[in-house]
Amino acid sequence: MGQGGGRPGHGAARYDRIDALRALAMMAVIAQHTDIFPIGWLGVWIFYVISGFVVTLSIRRGDPPRAIAGDTRRAIARDKGAALAGFYIRRAARIIPLYWLYVALAGFITFWLPGPDDPWEILSQASFTYNFYLLDHPEISVLPTTHLWTISVEMQFYALAGVAIVLLSDGALKRCLAGVVAGCLLGRIALIGQLQHFNQSAHISFLHFDAFSAGCLLALYRARIGAPQAGFLMMLGVMAMALLVAVYAVVNHHLGAQGIEVVQKILSGDGMGQGRGAFIFSAATMLGVGCVAMAAAGRGWFPALLGWGWLARIGRASYSGYLLHFAVIEGLYEAVILLIGHDPMHSGTGAMQIAFRLALCVGSIGMTVLLADLCYRWLEMPLARLCRVLLEKCLLKPVRA
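Just so you know, the residues in each chain are numbered from 1, in the order the chain's sequence is written. Reporting in this predicted model follows two pLDDT cut-offs: at least 70 for local features of residues, and 80 or more for side-chain atom pairs to be given and counted; totals over whole chains, interfaces and linings ignore these cut-offs and use all residues. As a rule here, side-chain values cover all heavy atoms of the structure and leave hydrogens and water aside.

Draft legend 1. How the structure looks around the overall build of the chain. Strands are runs of DSSP state E lasting at least 2 residues, helices are runs of H or I lasting at least 4, and numbering of each runs from the N terminus. Tallying secondary structure elements over the chain gives 15 helices and 0 strands in all. Each residue's exposure class comes from its accessible area (1.4 Å probe, protein chains only) as a fraction of the maximum for that residue type: buried when under 20%, exposed when over 50%, partly exposed otherwise. Residues counted as buried form 50% of the 401 residues belonging to the chain. Should any heavy atoms of two residues lie within 4.5 Å, those residues are counted as being in contact. Expressed as a percentage of contacts within the chain between residues at least 6 apart in sequence, the contacts between residues at least 24 apart total 77%. Under the convention used here, a 1.4 Å probe and the Shrake-Rupley method define accessible areas, while residue burial counts only the protein chains that appear. Here the chain has roughly 18,700 Å² of accessible surface; of this, 69% comes from carbon and sulfur atoms.

Given below as structure tokens:
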């Protein structure tokens, strides 16, 4: 997912732990897409919370001064306008160049692959509306781009929330964000009868702005959150997930599930219905808030785990890794099929299939990390710097004039 701009205060070590958390989230997503970790989608919601947290920190650190003696309303408005333009420039420069390059390559590949060829799919990806496209096109694309709907959701949040984060006072912003958190839950409850499939509920972006908003609130209250408060938030997140599993284990048993089936597919996203689409994402958001709070607090076993430097390095390149991971998985999968002459994912004993999926997961993580690190250094950051300079020259000077 898109990285936050800059390295806000509170120490580089604390921010490195946020990067390390990104790395774990990316690995969870890869494990999901290799069919080895069915709840790896929770990594996406952790990404969402991180995005709201880091972006709010970076904006508030660079806030223009509030009204002081001698300031005029016009000067204040001009400063806020420049701050708002700067926010959108930083987001666009960091996310769009590499993203469009990946989408363009995927569009080129579509002419060489068998299967459906829908130009609207590429256009929806390029315009960051891919999540809405997938609502009417549930079939799996032949392109390694189906994961890009998450970036569309993120960009839609930035487009709407940027104005509030930049222009509102802390108090007004906190009230607005709290309203979004409550409103998203109420919206999912109101649509409880229509959210029968994971894709239906996950792809409606405005129903998931609570995850980003919770991250924003965490950033605004960061000065009050120490290790005890972070531990409490983590406990709440774990308890929310446990309560969700317990409730729907009873529901599954009531519907006739037996044995292991009672707890299967509660968090995997394969089985929605019975109101799960209303509550599963709130539990995921609470868990994400707990993880981010623990990482930012910097004390305890979890921050110690995130203190490994190599994890932070992987996390800094996680945007490149997230873009590339699906193509890496598909490439390795097809290479194995060509090498051995059959599909090991759907042949052999159950133990052999699990072993292959595990090997594919490990190989995909390793290859993704390697390619992401190279891409981050030689493509992502140079393109972001170039794009930012060009956009600032075109847009900021008129604002500051």
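Draft legend 2. Structural view of the nonpolar core. Of all hydrophobic cores here, the largest spans 105 residues; its most connected members are Leu 21, Trp 45, Phe 53 and Ile 151. With sequence-adjacent residues up to four places away left out, Phe 53 is seen in contact with Ile 18, Gly 215, Cys 216, Leu 218, Ala 219, Val 292 and Ala 296. The set of buried Ala, Val, Leu, Ile, Met, Phe, Trp, Tyr and Cys residues whose side-chain atoms join them within 4.5 Å is what this entry labels a nonpolar core.

Draft legend 3. Representation of the packing of helix 7 (residues 170–190) against helix 9 (residues 209–220). Here, axes are lines fitted to C-alpha atoms. For helices the fit covers the stretch in contact, and angles between N-to-C directions go from 0 to 180 degrees. Orientation of helix 7 relative to helix 9, taken along the N-to-C sense of each, is 150°, at an axis distance of 9 Å. Regarding the angle of helix 7 to helix 9, the classification is roughly antiparallel. Like other packed secondary-structure pairs, helix 7 and helix 9 cross with a definite hand, here left-handed. From helix 7, Asp 170, Leu 173, Lys 174, Leu 177, Ala 178, Val 180, Val 181, Cys 184 and Arg 188 reach across to helix 9, where they touch Phe 209, Asp 210, Ser 213, Ala 214, Cys 216, Leu 217 and Leu 220. Angular relationships are summarised with four words: roughly parallel below 35 degrees, roughly antiparallel beyond 145, roughly perpendicular across 65 to 115, and oblique for the angles in between. In this scheme the crossing of two helices becomes right-handed for a clockwise turn of the near helix relative to the far one and left-handed for an anticlockwise turn of less than a right angle.

Draft legend 4. How the structure looks around unusual backbone geometry. At Asp 35, a residue that is not glycine, the phi angle is positive and equals roughly 60°. Relative to the elements of secondary structure, Asp 35 occurs in the loop between helix 1 (12–33) and helix 2 (42–61). Asp 35 sits in the partly exposed class, given a relative accessible area of 46%. Residues other than glycine seldom take positive phi values, yet Phe 128 does so here, at roughly 60°.

Draft legend 5. Up close: the environment of Trp 100. Mapped onto the elements of the fold, Trp 100 is located in helix 3 (residues 73–109). When the C-alpha positions of Trp 100 and Gln 125 are compared, they lie 8.6 Å apart, and in sequence the two are 25 residues distant. Every residue in contact with Trp 100, bar those within four places of it in the chain, is listed here: Ala 126 and Phe 128. Whenever two N or O atoms come within 3.5 Å, that pair is a polar contact, provided that in protein one can donate a hydrogen and the other can accept it, and provided that, for residues adjacent in sequence, both atoms are side-chain atoms. A polar side-chain atom of Trp 100 sits 2.9 Å from the main-chain carbonyl oxygen of Ala 126.

Draft legend 6. View of helix 10 (residues 227–254). To estimate the expected span of a helix, subtract one from its residue number and multiply by 1.5 Å. An ideal rise of 1.5 Å per residue puts 40 Å on 28 residues; helix 10 measures up with 41 Å between its terminal C-alpha atoms. Looking only at helix 10, the buried set comprises Ala 230, Met 234, Gly 237, Ala 240, Met 241, Leu 244, Tyr 248, Ala 249 and Asn 252. In the stretch just after helix 10, Gly 256 is the one whose phi turns positive, near 110°.

Draft legend 7. Main features of the pattern of salt bridges. We define a salt bridge as a contact between a side-chain nitrogen of Lys or Arg and a carboxyl oxygen of Asp or Glu at a distance within 4 Å. Scanning the entire structure with this criterion turns up 8 salt bridges. One salt bridge in this structure joins Arg 22 and Asp 19, with 2.6 Å as the shortest N-O distance. Linking Arg 22 with Asp 19, this pair stays in helix 1, spanning 3 residues, or about one helical turn. The salt bridge partner of Glu 380 is Arg 94, with a shortest N-O separation of 3.2 Å.

Don't take any of this as a statement about function, it's just geometry.
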